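Residue-level listing of the chains:
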Amino acid sequence: MIRVAIVGTGGIAASCHIPALRAEARRARVVAAVDVDQDRVKRFCHEHEIPASYADLGEMLRAEQPDLVHLCTPPSAHVEQVTTCLRAGVSVWCEKPVCLSLAEYDAITAAEGANGPYASVVFQHRFGSGARHLRRLVADGTLGRPLVAQCVTAWFRDQAYYDVPWRGRWDTEGGGPTMGHGIHQMDLMLSVLGDWTEIRAMAGRLERPVQTEDVSVAVVRFAGGAMASVVNSVLSRREESYLRFDFSRATVELRHLYGYRNADWSCTPPQLWQPEDDEPSSHSAQLARLLDSLERGERPPVSGHAGRQALELVTGLYAAAFTGEAVRRADLGRDHPFYHRLNGGTTL
């Protein structure tokens, strides 16, 4: 039985992590929850029948010695909390964004052990049956060569959403819709097309009185030669998440909002699209693979390089938007100003 602790007992923990853990009750048991708000964590534990509540992460780690921590706290707290868990010998499954810079991500991976513990990121859209089927068709050459992609996150967030103190700020949220919303669709795109090589972009603050952007657009070139357009918005009244992949033999499209099933995918020609099962993209889908990896003593999915991919693209997009210049992935090393801060230490 894998012993699990939940750190951060807000909405995402209750709506996504608890159901995913209940689905894995045969092999995972929640032994504790942690939150700086003691009243909230006690209510959370009572509601979800969790035996122990804590206000301090270190105290919980010493007392409970869990095997896995689900980290559901605001982004600015992640790097310290993830590394604290790793140094205590505990693997972590962290909500996106896992941290606020490539420098922080590299500090996280440096705290991992050679054979674990590991830190992985919640990017559940990689794990629905549609995405898994698409990657198989790409790998075996059925669809031909990837040529063109479109990646659109057109969502709407009103001012009340940004009244939460840590949102819309570089130092606490890390970025706007590029970092906090579109990162899911971009990660799915990366899981299909692989690493990017060059990006050009613009970002703007058009409507919301925040520090970060509320819209960004980019064009991206991938190592395999494919090119993509990317749009991230929190100003779009008709909300949609859209991905389109044009291959030399087929076009595959996905239209959804916050999660998909097989019915949300289409393929031209349709006879090429025959998934073996219908598993929705969800925390449950990713958690099942994560627990499989822990049981085998292997690195879990969306950790290490795979966990870094989306953050690299976000960093490149911001760097290109702020400087007005093309940015190459190979340039984003320790000497690059955007390696340490996603706004490069400047203002939009």
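Preceding this section is the structure that the text describes.
First, a word on scope: everything that follows refers to the structure included in this document.

What counts as what
Residues numbered from 1 in each chain as written. Predicted model: local features only at pLDDT ≥ 70, side-chain atom pairs only at ≥ 80, totals over all residues. Heavy atoms only, no water. Helix = DSSP H or I, 4+ residues; strand = E, 2+ residues; numbered from the N terminus. Rg over C-alpha atoms; globule rule 2.2 N^0.38 Å. Buried < 20%, exposed > 50% of the residue type's maximum accessible area, 1.4 Å probe, protein only. Contact = heavy atoms within 4.5 Å. Areas by Shrake-Rupley, 256 points an atom, 1.4 Å probe, with all protein chains shown as cover. Phe/Tyr/Trp six-rings, centres within 6.5 Å; stacked < 30°, edge-to-face > 60°. Salt bridge = Lys/Arg side-chain N within 4 Å of Asp/Glu carboxyl O. Disulfide = S-S within 2.5 Å. Pairing = 2+ DSSP bridges. Axes fitted to C-alpha atoms, helices over the stretch in contact; angles between N-to-C directions.

Within the chain, the regular secondary structure consists of 12 helices and 14 strands. At 20 Å, the chain has a C-alpha radius of gyration in line with the 20 Å of a compact globule built from 348 residues. Over its C-alpha atoms, taken along the principal directions, the chain stretches across nearly 55 × 50 × 40 Å. The proportion of buried residues among the 348 residues of the chain is 57%. Expressed as a percentage of contacts within the chain between residues at least 6 apart in sequence, the contacts between residues at least 24 apart total 69%. Entry remark: accessible area of the chain is about 14,500 Å², with carbon and sulfur atoms responsible for 48%.

Counted under the stated rule, the structure contains eight aromatic pairs. Both rings, one in Trp155 and one in Tyr258, keep their centres 4.8 Å apart while their planes meet at 90°; by these two values the pair is edge-to-face. Separated by 103 residues along the polypeptide, Trp155 in strand 7 (residues 146-156) and Tyr258 in the loop between strand 12 (251-256) and strand 13 (265-268) bring together distant segments of the chain. Among the residues examined, Trp155 registers a relative accessible area of 6% and is labelled buried. Given a relative accessible area of 43%, Tyr258 falls into the partly exposed group.

In terms of residue burial, helix 9 (residues 183-193) counts as a mostly covered element, since 11 of its 11 residues are buried. Buried within helix 9 are the following residues: Ile183, His184, Gln185, Met186, Asp187, Leu188, Met189, Leu190, Ser191, Val192 and Leu193. Positive backbone phi, at 85°, marks Gly194, one or two positions downstream of helix 9.

A complete count under the given rule lists 24 salt bridges for this structure. Of the charged contacts, one joins Arg132 and Glu279 as a salt bridge, the two residues approaching to 2.8 Å between their closest N and O atoms. One end of the pair, Arg132, is in helix 6 (residues 129-139); the other, Glu279, is in the loop between strand 13 and helix 10 (283-296), and 147 residues separate them in sequence. Arg329 is paired through a salt bridge with Glu312; the nearest N and O atoms lie 2.8 Å apart. Placement of the pair is Arg329 in the loop between strand 14 (327-328) and helix 12 (337-340) and Glu312 in helix 11 (residues 304-323), with a sequence separation of 17 residues.

In this section: the state of the cysteines. Enumeration according to the criterion identifies zero disulfides in this entry. Unpaired in terms of disulfides, Cys16 finds its nearest cysteine sulfur in Cys72, a separation of 8.8 Å. The exposure class of Cys16 is partly exposed, given its relative accessible area of 23%. For Cys45, which is in no disulfide, the shortest distance to another cysteine sulfur is to Cys72 and amounts to 13 Å.

The strand order 13-12-11-7-10-9-8-14 describes an open sheet built from eight strands, whose pairing is mixed. The open sheet has two free edges, formed respectively by strand 13 and strand 14, since each of these has just one partner strand. Strands strand 8 (196-204), strand 9 (215-222), strand 10 (227-233) and strand 14 of the sheet are contacted by helix 11, whose axis makes an angle of about 55° with strand 8.

The values are spatial; any link to function lies outside them.
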